[in-house]
Amino acid sequence: MSPLQKKFLQLKQDRKAVVLAHNYQPKEIQEVADYVGDSLGLSYEAQKAKGDCILFCGVHFMAETAKIVNPEKRVFMPDLQAGCSLADSCPADKLKDYLSAHPGLYVVSYVNCTAAVKAQSDVICTSGNAEKIVRKVPEDREILFLPDRNLGDWVMQKTGRKMRLWDGDCYVHMEFTASSIDRIRKEHPDALVVAHPECTRAVRALADEVCSTEKMVGYCRTSPSRSFIIVTEEGMLHRLRREMPDKQFLAGPTDRCACAECRYMKMNTLEKAFLALEKLSPELTLPDEVIEKARSPIERMLDWSRN
Ligand code: 13P
Ligand code: SF4
């Protein structure tokens, strides 16, 4: 453990802070977090967090979700500018106009969207529960799924349910191509390919398993295979290597580089995380009415995915 990690752990204790980190966070942050997981797991952890405050190491929409499900807690981030291309692809005013022009749609929003978009949604989903959530939407309602057309397409494939898809994508997962994944498959014929559903249909078709980041951990743990090609953001490799040091994890390549990094996730550093706890800033805040409106679709998701 580095000297800064030791100082961070002491400060975390002094502040009685709960540190939540997404699977894509830098290794040195994952190592000192109280919980590391996917968007769904982080929402549950945020909801039940007991400490005096939450330090959320992830991107902005994830910290917003933590604030919405646990509004009494102060929520801090290492860097408030850590956004998400997928959340950016669906501005709240554009959605408002679309819904006025197409009344009666049932809005299922992937958690990768802003609080103002969540506030206009009927239910939220994550990549870990999207299929389950869509299956629970009343049959007689037409669904608008947003903002990720790739995740939406995957859910349509799994459920057979037709949905209107918003035209958004994750710039990181769009970098993986059928040719880049095909190439590494041929180089490592014994390795299983595990891909995130934000990848295109052509990439998903080459995968042995398509799942959320948390489910990747379970899949690799229970699989008899020793070797895996991980087709998602590279931070995932730290988590997998830490938990399964006896297995081999290869980064799914893009056509341009050996691994894909989310520039937003990587805005967070251990130094910034330490400063955020020391200064209790930057703090994530939301207007009360947004918290109020966004809470019910998130709570519906948490309820629906529990049982
Ligand atoms: P997970 O919910 O699978 O952790 O994914 C979040 C994300 O941002 C994927 O790019
Ligand atoms: Fe958003 Fe993509 Fe980064 Fe995930 S990897 S936070 S979807 S930009």
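Scroll up a little and you will see the structure.
Report on the accompanying structure. (Residues numbered from 1 in each chain as written. Chains lettered and ligands numbered in written order. Predicted model: local features only at pLDDT ≥ 70, side-chain atom pairs only at ≥ 80, totals over all residues. Heavy atoms only, no water.)

1. Digging into the sheet that holds strand S10 (residues 209–210)
Strand order across the open sheet formed by four strands is S10-S9-S11-S12, with parallel pairing between neighbours. The sheet terminates laterally at S10 and strand S12 (248–251), the two strands that pair on one side only. The pairing of strand S9 (residues 192–195) with S10 spans two bridges and is parallel. In the sheet register, alanine 195 faces S10, and the bridge partner there is valine 210. Lying over the sheet, helix H10 (residues 178–187) contacts S9, strand S11 (227–231) and S12, oriented at roughly 170 degrees with respect to S11. With respect to the sheet, helix H13 (residues 235–243) is in contact with S11 and S12, its orientation differing from that of S12 by roughly 175 degrees. (Pairing = 2+ DSSP bridges. Helix = DSSP H or I, 4+ residues; strand = E, 2+ residues; numbered from the N terminus. Contact = heavy atoms within 4.5 Å. Axes fitted to C-alpha atoms, helices over the stretch in contact; angles between N-to-C directions.)

2. Some details on the pattern of salt bridges
Applying the stated criterion across every chain, the model contains 22 salt bridges. Measuring nitrogen to oxygen at the nearest pair gives 2.9 Å for the salt bridge that ties aspartate 182 to lysine 186. Of this pair, aspartate 182 and lysine 186 both sit in helix H10, four residues apart, which is roughly one turn of the helix. Relative accessible area serves as the criterion here: at 28%, aspartate 182 is assigned to the partly exposed category. The partner of arginine 239 in a salt bridge is glutamate 243, and the shortest N-O contact between them spans 2.7 Å. Of this pair, arginine 239 and glutamate 243 are both found in helix H13, four residues apart, which corresponds to roughly one turn of the helix. Taking relative accessible area as the criterion, arginine 239 reaches 7% and is therefore assigned buried. Note on glutamate 243: relative accessible area 34%, which makes it partly exposed. (Salt bridge = Lys/Arg side-chain N within 4 Å of Asp/Glu carboxyl O. Buried < 20%, exposed > 50% of the residue type's maximum accessible area, 1.4 Å probe, protein only.)

3. A few points about the site of ligand 1
Neighbouring ligand 1 are the residues His22, Tyr24, Asp38, Ser39, Tyr110, Asn112, Ser127, His173, His196, Glu198, Ser212 and Thr213. Histidine 196 is positioned with one of its side-chain polar atoms (N or O) 2.9 Å from an oxygen atom of ligand 1. Here an oxygen atom of ligand 1 sits 2.9 Å away from a polar atom, N or O, in the side chain of glutamate 198. Here ligand 1, which alone exposes 310 Å², has 96% of that area covered by the protein. Under a 2 Å grid-point criterion requiring more than half of the atoms, the pocket assigned to ligand 1 is the largest cavity. (Near = heavy atom within 4 Å. Polar contact = N/O pair within 3.5 Å; in protein donor to acceptor, adjacent residues only side chain to side chain. Areas by Shrake-Rupley, 256 points an atom, 1.4 Å probe, with all protein chains shown as cover. 1 Å grid on protein atoms, 1.4 Å probe; cavity = no way out; pocket = protein on both sides within 12 Å on 5 of 7 lines; lining within 4 Å. Sits in = over half its atoms within 2 Å of the grid points.)

4. Considering the sheet that holds strand S4 (residues 74–76)
Adjacent strands of a sheet pair through backbone hydrogen bonds, lying either parallel or antiparallel. Pairing is mixed in the open sheet, where five strands are placed in the order S2-S1-S3-S4-S13. One side of each edge strand has no neighbouring strand; the edge strands of this open sheet are strand S2 (35–37) and strand S13 (283–284). As paired elements, strand S1 (residues 17–22) and S2 share three bridges and run parallel to each other. What sits directly across from alanine 21, in S2, is valine 36. Relative to the sheet, helix H3 (residues 39–48) contacts S1, S2 and strand S3 (53–57), its axis offset from that of S1 by approximately 170 degrees.

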